[in-house]
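# Coordinate inspection notes
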Amino acid sequence: MTAIFLVMVVASCIWLLFKNPDAILSTSLDAINSSFQLALTLAGIYIFWMAIAEIATRSGLVDKIAKVLKKLIHFLFGKQKDEVNSLIATNIAANMIGASGAATPAAIAAIEKMAEPEQTKASTPMIMLFILAATSLQILPTTIIGIMQANGSENPARIILPTLIVSLVSTVVGVILVKLFSHTKRKKGTQ
């Protein structure tokens, strides 16, 4: 992948050198400026949602969310410790509002707490959490809306419904596949 990117950059620079040499510096500076602006926008979004997640954790809201989601978490992950359930609830809630940057630390902590001391393979609950984090059911895709807004979109919220549909379908398919494969592994006695 790096080689492909390198070839594209070199080819673009050579093309610009012969086609319009004056554009190389201005194009490069514009790209650097755009990248910096996007990075600042994303950092602001992540900082905001990380702060919200921390406030929710310290205020006990996460524990209340975990209680509301207890049956769903038990269905998806089996019996887990309360601390793991809270981390899973934090991950699910953060993903639902599109704050995957705030969801990732909770998922990592939950997987670490699920692991046995000498465990070398991921367990079914770990795989389920990975799938839920990867498919990321999003009700409000705040990060994407922020990126679209930073790039001058006239109506960045128009992606809410398509994102909800696509993430819902991918999450349901992911959960079904994990359940199906874990059931098959249990039947074969390999788990």
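Before any of the text, the structure's been laid out above.
Here we summarise the structure given alongside this text. None of the values given here were measured: they were computed from a predicted structure.

Parameters and conventions
- Residues numbered from 1 in each chain as written.
- Predicted model: local features only at pLDDT ≥ 70, side-chain atom pairs only at ≥ 80, totals over all residues.
- Heavy atoms only, no water.
- Helix = DSSP H or I, 4+ residues; strand = E, 2+ residues; numbered from the N terminus.
- Buried < 20%, exposed > 50% of the residue type's maximum accessible area, 1.4 Å probe, protein only.
- Contact = heavy atoms within 4.5 Å.
- Expected span 1.5 Å × (residues − 1).
- Arc of directions from axis to C-beta.
- Phe/Tyr/Trp six-rings, centres within 6.5 Å; stacked < 30°, edge-to-face > 60°.
- Lys NZ or Arg CZ within 6 Å of the ring centre and 35° of its normal.
- Salt bridge = Lys/Arg side-chain N within 4 Å of Asp/Glu carboxyl O.
- Patch = residues over 30% accessible without salt bridge, like charges linked within 9 Å, V, L, I, M, F, W, Y side chains within 5 Å.
- Areas by Shrake-Rupley, 256 points an atom, 1.4 Å probe, with all protein chains shown as cover.
- Lys, Arg positive; Asp, Glu negative; His and termini not counted.
- Charge placed at Lys NZ, Arg CZ, Asp CG, Glu CD.

### Description of the environment of Tyr-46
Mapping Tyr-46 onto the fold places it in helix α2 (residues 23-59). Here Tyr-46 falls in the partly exposed class, since its relative accessible area comes to 32%. With 53 residues separating them in the primary sequence, Tyr-46 and Ala-99 have C-alpha atoms 6.9 Å apart. Those residues within four positions of Tyr-46 in sequence are excluded, and the remaining contacts are Ser-100, Gly-101 and Thr-143.

### Things to note about helix α6 (residues 100-114)
The periodicity of an α-helix, 3.6 residues per turn, causes residues three or four places apart in sequence to face the same way. End to end, α6 covers 20 Å across 15 residues, agreeing with the expected 21 Å (1.5 Å per residue, within 8%). Along α6, the residues classified as buried are Ala-102, Ala-103, Ala-106, Ala-107, Ala-110 and Met-114. Here the buried residues of α6 occupy an arc of 130 degrees about the axis, which is enough to place them on one side. Its buried side turned inward, α6 meets α2, α5 (82-96) and α7 (124-135).

### Focus on the packing of aromatic side chains
Here the structure, examined in full by the defined rule, presents 0 aromatic pairs. Here Lys-179 stacks its cationic end above the ring of Phe-75, 4.5 Å away from the centre of that ring.

### Focus: the pattern of salt bridges
Applying the stated criterion across every chain, the model contains 1 salt bridge. Glu-83 is the salt-bridge partner of Lys-113, the closest N and O atoms lying 3.4 Å from each other. Pair noted here: Lys-113 is in helix α6 and Glu-83 is in helix α5, with a separation of 30 residues, a long-range link. Assessed through its relative accessible area of 46%, Glu-83 is described here as partly exposed.

### Topic: a positive patch on the surface
Together, Lys-64, Lys-67, Lys-70 and Lys-79 make up a positively charged patch on the protein surface. Structurally, the position occupied by Lys-64 is in helix α3 (residues 61-68).

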